[in-house]
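Breakdown of the fold
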Amino acid sequence: MSTRHSFLSTTGLIRPPSAASSYTESSSAPAHKHARPNGTKSSGRRTHIGTPPAPPLPTTGPNLPPLKPLTRAGVMPLGPAFVVGIAALLSLLFVLAVSCAFIGDDDNPPPFAALLDDTAANAPGIVLIGDDVDVDVDEPALTVRWSIIACGEGFVLPGSEGAHGSANCGLPVMPLKIFVDGESEAAATYDPTLFPYASSNGRRNTIQNMFQFDDDHVLDVHQARLYPFDTYLLTSTLRAVSPTENKTLPIQRLATISLTSSFVISSDDVQSYTQNANGTQAPSRDLTLRVSRPPEARTYALLLFAASWMLAHATMALVAFSWRVEGAERIVKYLASTLIIILLIPQLRNAMPDAPDLDGVLIDAIGFFPQMLVSAACAIMLVAMMVKRELQALDDNAPPEEERKEAPAPLSTGLLRMRRGGASVDISHIRNLSRPLSVLGRPTGL
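First, a word on what this report is: a plain description of the structure on this page. If you're wondering where the values come from, they're calculated on a predicted model, not measured in any experiment.

The subject of this paragraph is the pairing of strand S7 (residues 231-242). One ladder, built from four bridges, connects strand S4 (residues 176-180) with S7; its direction is antiparallel. By the bridge assignment, Ile178 is partnered in S7 with Ala240. Sheet topology places S7 next to strand S11 (residues 281-292); eight bridges connect them, and they run antiparallel. For Thr237, the partnering residue across the bridge sits in S11 and is Asp286. As paired strands, S7 and strand S8 (residues 247-249) are joined by three bridges and run antiparallel to one another. Directly across from Ser242, in S8, lies its bridge partner Lys247.

Now the structure itself:
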């Protein structure tokens, strides 16, 4: 006959009568056993005085059943080794996922290929490509590295096609001189006859320094104080001259890269001309560059700025905690934390991406300098409180002063003389005088 158990009995909250009776018998059975006269325990094994106890029985072995794992509410808890292994695996997966950003996207065409193809199709001629833009805020200066490119039929040097991913553009076929910002001397001189040929295929080798040149400019720094929201503006004009024909050739496009490691470059070019002395017009091209920080750099700079202020506020909290602490031991720990924060704030300031020097920019006026002053003031207050608590501890631990009995005041000179004079008076004659008086006072015949 089967017995149906309730939920409370299966969970152990209420035991069935059979289990309760067996539990009572098993728990009450050892109570009837008495201690043996020669032993120290009431168990079945005898332990004599002076003999070591028997070793414990083994719990595991080849002939014993395996131990059941411990569970909590029917769930086996995870061990520390398993948790550490899972954490390490997740960390490696995160590193691998982030490292995928270094894999280049080969499917995208070169950045200037579409622009060059459009120029070759619609307005063939000379094109200047800014392959690199170097911005130095501390100088402040901006350097553009230009590449002299020609697009369209009749402008490209044979054997040099394929510049910047465009099959219709390459090195110019004619010699050129490039003038920048109205300078009388040419910033670059280009001569196609100087390019060597490759012996294997007969193509022209594109030597970079023979068709590239650097152009240096001074930046406008009116907004340099607003780091990381500082922006810079640059305007320039370029002109190409053919020395063989002694005439100015039009420059069809001026373009630069849009993103560097620390700045975002926005370029805009327009057609222009200059007026010669004889009244003729010479074509030129004007360029406007707007340089600003990328959103990632601004985000990281603001996060570091906020972290520095939070650390400075933490030093103020440590000072507040120290007011309610007895003794100087805890204050020493607070002081050590404050000193670490003082050393850490400059490192956070230096970690800001491409930050300017400590020249008093806005982020330093409202950030770095006040943070250092607040942290240093808190450190001084902690030192003062620590010294105060030490002095109080010395006063509390000082032994009590013993009560001293006051010595009697010294006698004056006159009183000493009186005492000395009274001690030296001879009163023996008073006794001799008293005898005749006593005789005179007696009646006659006695």
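Resuming the write-up.
Turning our eyes to something else, we now look at the packing of aromatic side chains. Using the criterion set out here, one finds three aromatic pairs in the structure. An angle of 50° between the planes, with centres 5.7 Å apart, marks the rings of Tyr190 and Phe195 as tilted. Assessed through its relative accessible area of 1%, Tyr190 is described here as buried. Consider the rings of Phe368 and Phe369, whose centres lie 5.4 Å apart with planes at 65°: the pair is edge-to-face. Looking at Phe368, the relative accessible area reads 10%, which means it is buried. Looking at Phe369, the relative accessible area reads 35%, which means it is partly exposed. Of the aromatic side chains, those joined through ring pairs into one cluster are Tyr190, Phe195 and Phe211.

A surface patch of negative charge is lined by Asp138, Glu139, Asp357 and Asp359. Its location among the elements puts Asp357 in the loop between helix H7 (329-350) and helix H8 (362-396). According to the relative accessible area criterion, Asp357 is partly exposed, its value standing at 43%.

Counting residues in each nonpolar core, the largest one holds 47 residues, and the members touching the most others are Leu142 and Leu238. Among the elements of the structure, helix H4 (113-122), strand S1 (125-136), strand S2 (141-151), S4, strand S5 (188-190), S7, strand S9 (251-256) and S11 are those that each provide at least two residues to this core. The biggest single contributor to this core is S2, with seven residues. The contacts of Leu142, once residues within four sequence positions are left out, are Val133, Asp134, Val135, Asp215, Asp216, His217, Leu219, Leu234, Leu289 and Val291. Grouped together as the second largest cluster of nonpolar side chains are 13 residues, Val319, Leu335, Met385 and Met386 included.

What follows is about unusual backbone geometry. In this chain, Glu139 is followed by Pro140 through a cis amide linkage whose omega measures -10°. With respect to the element layout, Pro140 can be found in the loop between S1 and S2. Here the bond from Tyr227 into Pro228 is cis, since omega is 5°, no more than 30 degrees from zero. Inspection of the secondary structure assignment puts Pro228 in the loop between strand S6 (212-218) and S7. Of note, His164 is a non-glycine position whose phi angle comes to about 55°, a positive value. Relative accessible area serves as the criterion here: at 25%, His164 is assigned to the partly exposed category. The backbone phi angle of Asp354 is positive, close to 50°, even though this residue is not glycine.

Calculation rules
- Residues numbered from 1 in each chain as written.
- Predicted model: local features only at pLDDT ≥ 70, side-chain atom pairs only at ≥ 80, totals over all residues.
- Heavy atoms only, no water.
- Pairing = 2+ DSSP bridges.
- Helix = DSSP H or I, 4+ residues; strand = E, 2+ residues; numbered from the N terminus.
- Phe/Tyr/Trp six-rings, centres within 6.5 Å; stacked < 30°, edge-to-face > 60°.
- Buried < 20%, exposed > 50% of the residue type's maximum accessible area, 1.4 Å probe, protein only.
- Patch = residues over 30% accessible without salt bridge, like charges linked within 9 Å, V, L, I, M, F, W, Y side chains within 5 Å.
- Areas by Shrake-Rupley, 256 points an atom, 1.4 Å probe, with all protein chains shown as cover.
- Salt bridge = Lys/Arg side-chain N within 4 Å of Asp/Glu carboxyl O.
- Lys, Arg positive; Asp, Glu negative; His and termini not counted.
- Charge placed at Lys NZ, Arg CZ, Asp CG, Glu CD.
- Core = buried A, V, L, I, M, F, W, Y, C linked by side-chain atoms within 4.5 Å.
- Contact = heavy atoms within 4.5 Å.

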